[in-house]
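Each chain, written out:
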Amino acid sequence: MKERIKSWMLVLLILGSLVESYYLIYRLPGSDSAVLSKTLYVKTDNMGLKEKVENLLYPDKMIIHMGGDKHTLFYPSSTFYNLIMNRLKGRSFESFQRRSVQDFDWDKIRSENPGIELSFGAGIPVTLLQRVMQISPDSLFEGESIDRIWIYNIKNDSKAHVIFFSTRGDIVYEAAKADLTVQDVQQHVDFGKNLTLYTAVNGEYYVPEADVPLVKVVMPAGMYTIEQMQSNLFFDAGNTRYIPEKDGSKIYTDSKRSLQVDQEQNWMSYSDPAALPDGDSTPAKDALEAVEFVNNHGGWNGTYRLAATEEGRQDRKVSFQQYYGAYPSGSYPIMSNPQLQYGVIHLELQQGTVSSYERSLMYTNEDKSEKTIVELPGGELLKQRLAQIGSSLRIIELTPAYMPALAGEKLQLHPVWRVTLSDGSELTLN
């Protein structure tokens, strides 16, 4: 009996030794060979979804000119916005003629001619715009960035006119051939009938004649961890060291790259000054590289739009603006503010390589959101408040937007009017 027990104990000891040896060889950190670690390591923790650049290219608004100095506005994801964009994506534009912006009387066209004006904010490179619209290749035109497309009819003219505005400000391109009829344009303009009218102010921004309903939102919020971001951004997160800053922020570095985290703002700034430049850089290529970088280093935690590709002295800045909302009511930009940095992703590229990356560490659960309809003031009340602001600096844009605020473990999105001034600064009215 004793011999049998000893035999069973010996078998158990042997099995235990084999299991322990297995874990020592295959499961403990560092067991992979150093030679293979460079190729096996970078399996990123994609916290958000990957996105195609085509889904980030769309106008920030549509201005519908109905003639008789009557106008209305459509915003992303609203019913008529989607309908018009889907139709325009199927039409072709070609044979571009370069003209001076001063060749046109834009005030007259705005007030008298039925048309559709697509606004692209700071502008989109033509080579990217070709991904979402059927724009024929043109060596002269393809080097431009476009901030507006204006499609309009002229009385007693049998063809529709299509004008692309260069971000340079003094040049426009007219498509001599466009797969659009006068009837097509008029049908799109007619979508604006019986909707809220807007008054054009100095040809730069539009004020609604009535209050504008928006949704106030409260939804659960969570935070991406520092460990998640480290695993996304460093080749070997285990070799990073921690440096506390006097302002309370934390810096993690592997001696080449650095990740700075502001835990009060839930904001991260990543820098890679040692990134090797490819040497080939254009606004379109940099935007594509920025999208791919975000896809592989955190992903997209919501709906975004390519907002800017600004060229600096030695780098290019690419920004993505987050939107909230959905069909059929529309989507609106989420503003960042000194109290809570949120709603934007910033990247800097040097010769086609990302050297800086900034974004919020916060994400939300929209499926469990609480919504309340509120109204932004319009009409005379809004005009009076804007007149007071415009007495010191010229107003160039007025847009419904969301101001974020944290309340415990929930994110609140408050509807506001975003007012953009001529010096680039922004303020809010609610």
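All figures in this text were calculated on a predicted structure; none of them were measured in a lab.

The rules behind these values
- Residues numbered from 1 in each chain as written.
- Predicted model: local features only at pLDDT ≥ 70, side-chain atom pairs only at ≥ 80, totals over all residues.
- Heavy atoms only, no water.
- Buried < 20%, exposed > 50% of the residue type's maximum accessible area, 1.4 Å probe, protein only.
- Helix = DSSP H or I, 4+ residues; strand = E, 2+ residues; numbered from the N terminus.
- Arc of directions from axis to C-beta.
- Contact = heavy atoms within 4.5 Å.
- 1 Å grid on protein atoms, 1.4 Å probe; cavity = no way out; pocket = protein on both sides within 12 Å on 5 of 7 lines; lining within 4 Å.
- Points joined across faces, edges and corners; volume = space filled by probe spheres on them.
- Nonpolar A, V, L, I, M, F, W, Y, C, P; charged D, E, K, R; others polar.
- Salt bridge = Lys/Arg side-chain N within 4 Å of Asp/Glu carboxyl O.
- Phe/Tyr/Trp six-rings, centres within 6.5 Å; stacked < 30°, edge-to-face > 60°.

Enquirer: Looking at this structure, how should I read helix α6 (residues 182-190)?
Expert: Since there are 3.6 residues in each turn of an α-helix, residues three or four apart along the chain are aligned in direction. Inspection of α6 places V182, D184, V185, H188 and V189 among the buried residues, and these make up the whole buried set. Projected down its long axis, α6 shows its buried positions confined to an angular sector of 165°, all on one face. Packing partners of the buried residues in α6 comprise β1 (61-65), α3 (79-89), β4 (115-125) and β6 (145-152).

Enquirer: Is there a simple way to think about empty space enclosed by the protein in this case?
Expert: Rolled over the atoms, a probe as big as a water molecule pinpoints where empty space is left. Per the counting criterion, the structure on display carries two cavities of 30 Å³ or more. Of the pockets and cavities examined, the largest cavity occupies roughly 50 Å³. Lining the largest cavity are D60, K61, Y75, P76, Y323, S331, Y332, P333, E397, T399 and R418. Listed by contribution, the elements that provide at least two residues to the lining of the largest cavity are β18 (330-333) and β23 (395-407). Ranked by the residues each element gives to the lining of the largest cavity, the list is headed by β18, at three residues. A per-class count over the lining of the largest cavity returns five nonpolar, two polar and four charged. Empty space within the second largest cavity amounts to approximately 40 Å³. Considering the residues around the second largest cavity, the lining is formed by N301, Y304, Q322, Y342, G343, V344, I345, R359 and S360. Those elements that place two or more of their residues in the lining of the second largest cavity are β19 (344-350) and β20 (353-360). Residues of the lining of the second largest cavity, tallied by class, amount to four nonpolar, four polar and one charged.

Enquirer: Help me understand the pattern of salt bridges, please; the structure alone is not making it clear to me.
Expert: A side chain of one charge can pair with a side chain of the opposite charge if their charged atoms are brought near each other. Counting across every chain of the model gives 19 salt bridges. A salt bridge links D184 to R91, with the shortest nitrogen-to-oxygen separation between them at 2.8 Å. On the criterion of sequence distance, the pair formed by D184 in helix α6 and R91 in the loop between α3 and β3 (92-100) is long-range, its members being 93 residues apart. In this structure, E209 and K383 form a salt bridge, with 3.2 Å as the shortest nitrogen-oxygen distance. Here E209, found in the loop between β10 (205-208) and β11 (212-223), pairs with K383, found in helix α9 (residues 379-390); they are 174 residues apart in sequence, far enough to count as distant. Residue E209 is classed as partly exposed on the basis of its relative accessible area, which comes to 37%. Put simply, D60, K61 and E397 are held in one network by salt bridges that share partners.

Enquirer: Explain the packing of aromatic side chains here, please?
Expert: Two numbers describe a pair of aromatic rings. These are the distance of the centres and the angle of the planes. Scanning all chains against the criterion turns up 21 aromatic pairs. With a centroid separation of 4.9 Å and an interplanar angle of 10°, the aromatic rings of F80 and F191 are classed as stacked. With a gap of 111 residues between them, F80 in helix α3 and F191 in the loop between α6 and β9 (198-201) connect regions that are remote in the sequence. For F80, a relative accessible area of 27% gives the class partly exposed. Under the relative-accessibility criterion, F191 is labelled buried at 16%. An aromatic cluster is built from F93, F96, F141, F164 and Y173, whose rings are joined through pairwise contacts.

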